[in-house]
Amino acid sequence: MSTTTIRLPEDLKARIARAAKEAGTTSHNFILEAIAEKAELAEQRAGFHDEAERRYARIVETGETIDWDEYRAYMMGRVRGESVKRPVARKLAK
C-alpha cells in the first residue's frame, strides 16, 4: 500500500474527526471510505455517460426511438405490477 500526504484545513480536519467518531471509526478510515465513495460515483457517472452515448448512437444509426409517453406508461405499469406490453421503437418523425 502506498502513502499519500494531503493537507487539510484545520476546520475540515476537525469535521472529519467528529464525523468519524460518530460513525465509530478512525479519521483515516473515514477519509478512505469517502475517497472510495467519490471514486465509485465518478465511475458510475462515466458509465451512465457511456451508456447514453451508445444509446444515442443507436438512435442516430437506426432513426428509431420509443415515444416518451408510451415508455413512461409502460414503466409505470411495471412499477404497479401490471402485465403491460413493451412499447415498440419507431422511426423518428421528421
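Only a predicted model underlies this, so the values are computations on that prediction, with no experimental measurement involved.

1. A short note on the overall build of the protein chain
Piece 1. Scanning the protein chain from N- to C-terminus turns up three helices and two strands.
Piece 2. Along the protein chain, helices (α) and strands (β) appear in the sequence α-α-β-α-β when read from the amino end.
Piece 3. Taken along the three principal axes of its C-alpha coordinates, the protein chain extends 60 × 35 × 25 Å.
Piece 4. When burial is assessed residue by residue, the protein chain has 6% of its 94 residues classed as buried.
Piece 5. Accessible area for the protein chain stands at about 8800 Å²; split by element, carbon and sulfur atoms hold 54% of it.
Piece 6. A gap of 2 Å separates the mean positions of the 18 positive and 16 negative side-chain charges of the protein chain.

2. A short note on the environment of Lys85
Piece 1. Within the secondary structure, Lys85 is located in the loop between helix H3 (68–79) and strand S2 (90–91).
Piece 2. A C-alpha to C-alpha distance of 53 Å links Lys85 and Arg18, two positions 67 residues apart in sequence.

3. Describing the packing of helix H1 (residues 10–23) against helix H2 (residues 27–62)
Piece 1. For the pair H1 and H2, interaxial distance at closest approach is 8 Å and the crossing angle is 95°. In terms of their interaxial angle, H1 and H2 are classed as roughly perpendicular. Together, Ile16, Ala17, Ala19 and Ala20 of H1 and Ser27, Phe30 and Ile31 of H2 make up the contact between the two elements.

4. A few points about the pattern of salt bridges
Piece 1. On inspection of all chains with the given rule, the structure shows four salt bridges.
Piece 2. Across the pair Arg55 and Glu51 runs a salt bridge, and its minimum N-O distance is 2.7 Å. On the criterion of helical spacing, the pair formed by Arg55 and Glu51 is a turn pair, its members being four residues apart in helix H2.
Piece 3. For Arg55, a relative accessible area of 55% corresponds to the exposed category.
Piece 4. A salt bridge links Glu82 to Arg80; its shortest N-O distance comes to 2.9 Å.
Piece 5. By relative accessible area, Arg80 is classed as exposed at 53%.
Piece 6. Each of Glu51, Arg54 and Arg55 takes part in one network of salt bridges that share partners.

5. A word on the packing of aromatic side chains
Piece 1. Under the counting rule described, the total for this entry stands at two aromatic pairs.
Piece 2. A centroid spacing of 6.5 Å and a plane angle of 40° characterise the contact between Trp68 and Tyr71, whose relative ring orientation is tilted. One end of the pair is Trp68 and the other is Tyr71, both in helix H3 and three residues apart, which spans about a single turn.
Piece 3. Owing to a relative accessible area of 56%, Trp68 belongs among the exposed residues under this scheme.
Piece 4. Relative to Tyr74, the ring of Tyr71 lies with its centre 6.0 Å away and its plane at 45°, an arrangement referred to as tilted.

About the cut-offs
Residues numbered from 1 in each chain as written. Predicted model: local features only at pLDDT ≥ 70, side-chain atom pairs only at ≥ 80, totals over all residues. Heavy atoms only, no water. Helix = DSSP H or I, 4+ residues; strand = E, 2+ residues; numbered from the N terminus. Buried < 20%, exposed > 50% of the residue type's maximum accessible area, 1.4 Å probe, protein only. Areas by Shrake-Rupley, 256 points an atom, 1.4 Å probe, with all protein chains shown as cover. Lys, Arg positive; Asp, Glu negative; His and termini not counted. Charge placed at Lys NZ, Arg CZ, Asp CG, Glu CD. Axes fitted to C-alpha atoms, helices over the stretch in contact; angles between N-to-C directions. Parallel < 35°, antiparallel > 145°, perpendicular 65-115°, else oblique. Contact = heavy atoms within 4.5 Å. Salt bridge = Lys/Arg side-chain N within 4 Å of Asp/Glu carboxyl O. Phe/Tyr/Trp six-rings, centres within 6.5 Å; stacked < 30°, edge-to-face > 60°.

Keep in mind these numbers describe shape, not what the thing actually does.
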